[in-house]
Amino acid sequence: MKPYTRLLTIAGSDSSGGAGIQADLKTFSALGCYGMSVICALTAQNTHAVTGIYPVSPEFIALQIDAVMTDIGVDAVKIGMLHSRDVIMTVTERLKHHRAPHIVVDPVMVSTAGDTLLQNDAVDALKSILFPIATVITPNLPEAAVLLQEPVETLLQADRRQLEIACKTLSAFGSRAVVLKGGHLASDAMTDLLYMPETGGLKSFESKRIDTRNTHGTGCTLSSAIAAFLAKGHSLEDAVFQAKTYVTEAIRAGAAYQIGKGHGPVHHFHRFW
């Protein structure tokens, strides 16, 4: 019997299908993995806005994690929106208990439309509780600014040296690596930086900016793709490269479509259509 490559997403549900749990599962499937989910919150959202968030209790989140881990197991875990400190503590404790491998944390704080998705007390919990068990964290520049307690304009106007310093500072929260996503920079090039504190290695990944509004879920998709390639046995550097390539092509293909009247999704299954 052939085994599946098993991926678990722990995140919030996106009723529009473009981000969150739905984007993660699409990415896992598109990359040939078996996807499972632990839903931490329900959101009412579309391409314009998030109009409501309904949290799932930490106790039920723990039950979901235990149900998956004790039967199926995982080869990698992607973590997205964890809306409160209690949820972050629960998820961290259960993943440590089950010795989950390859934990990719996308510290989702604000939606593409600008809606806040994280309670204020959760930011410190991310840094002090969850990041230390992460293989890699994948903040974008606005998220990095919150984590570093800096004005977002400081990072949006930063040069390469300043972004490298930001990566190193973010790594001090304990993750084994940092991917700082540069999509918010005012540049024709989309540059993401990978910093690995154990070796001091820093690698940049560039792609040409694609003129489209259909960018909903790009962060979720990138982190899910990194988790998928790690689960398949790729090195971290190659996993980030492969994930970046996949997301760039998903954005390019998704630009040809229209769903809704706001920020549409990327095309997760562009390789097959």
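Scroll up to find the structure this text is about.
Cut-offs and rules
Sequence order as written defines residue numbering, which begins from 1 separately in each chain. The predicted nature of this model means local features are confined to residues of pLDDT at least 70 and side-chain atom pairs, given and counted, to a pLDDT of 80 or more, with totals for whole chains, interfaces and linings taken over all residues. Side-chain numbers here rest on the full set of heavy atoms in the structure, without hydrogens or water. Helix and strand labels come from DSSP, where a helix needs a run of H or I of at least four residues and a strand needs a run of E of at least two; each type is numbered from the N terminus. Using C-alpha atoms as the atom set, the radius of gyration is obtained and then compared with a globule rule of 2.2 Å times the number of residues to the power 0.38. Using a 1.4 Å probe on the protein chains alone, a residue whose accessible area is under 20% of its type maximum counts as buried, one over 50% counts as exposed, and one in between counts as partly exposed. Residue contacts are counted whenever heavy atoms from the two residues lie within 4.5 Å of one another. A patch consists of residues exposed above 30% relative accessible area that lack any salt bridge, with like charges linked at up to 9 Å and nonpolar side chains (Val, Leu, Ile, Met, Phe, Trp, Tyr) linked at up to 5 Å. Per-residue and other accessible areas follow the Shrake-Rupley method at a 1.4 Å probe size, with only the shown protein chains counted as cover for residues. By convention in these notes, a salt bridge is any Lys or Arg side-chain nitrogen within 4 Å of a carboxyl oxygen on Asp or Glu. The definition of a nonpolar core used throughout is a set of buried Ala, Val, Leu, Ile, Met, Phe, Trp, Tyr and Cys residues joined through side-chain atoms within 4.5 Å. Cavity and pocket criteria rest on a 1 Å grid covering protein atoms alone: a 1.4 Å probe that fits but cannot get out defines a cavity, protein on both sides within 12 Å along at least 5 of 7 lines defines an open pocket, and an atom within 4 Å of a point defines a lining residue. Grid points are joined across faces, edges and corners, and a volume is the space filled by probe spheres set on the points. Residue polarity is assigned by list, with Asp, Glu, Lys and Arg as charged and Ala, Val, Leu, Ile, Met, Phe, Trp, Tyr, Cys and Pro as nonpolar; anything else, Gly included, falls into the polar class.

(A) Region of the structure containing the overall build of the protein. Helix and strand counts for the protein come out as nine helices and nine strands. Relative to its length of 273 residues, the protein is compact, with a C-alpha radius of gyration of 17 Å against a globular reference of 19 Å. Principal axes of the C-alpha set define a box for the protein whose edges measure 45 × 40 × 40 Å. A buried classification covers 54% of the 273 residues belonging to the protein. Put simply, 68% of the contacts in the protein that link residues at least 6 apart link residues at least 24 apart.

(B) Layout of a nonpolar patch on the surface. Taken together, Tyr-4, Tyr-34 and Ile-72 make up a surface patch of nonpolar side chains, about 320 Å² in accessible area. By the secondary structure assignment, Ile-72 is in the loop between helix H2 (58-71) and strand S4 (76-79). Residue classification places Ile-72 among the partly exposed positions, given a relative accessible area of 34%.

(C) Structural context of the nonpolar core. Of all hydrophobic cores here, the largest spans 48 residues; its most connected members are Leu-8, Ile-10, Val-77, Ile-79, Leu-82, Val-91 and Leu-95. Among residues more than four places away in sequence, those in contact with Val-77 are Leu-8, Ile-10, Met-69, Leu-95, Ala-100, Pro-101, His-102, Ile-103, Val-104 and Ala-227. Core analysis: the second largest hydrophobic core is formed by 31 residues, Leu-7, Val-179, Ala-250 and Ile-251 among them.

(D) Region of interest: the environment of Ala-225. Mapped onto the elements, Ala-225 comes out in helix H8 (residues 218-231). Each C-alpha atom, one on Ala-225 and one on Phe-173, is 23 Å from the other, the two residues being 52 residues apart in sequence. Ignoring anything within four residues of it in the chain, the contact list for Ala-225 reads Thr-27, Leu-31, Ala-243 and Tyr-246.

(E) How the structure looks around the layout of surface pockets. When its volume is computed, the second largest pocket comes out at roughly 250 Å³. When the residues that make up the lining of the second largest pocket are grouped by side-chain class, the tally is six nonpolar, eight polar and one charged.

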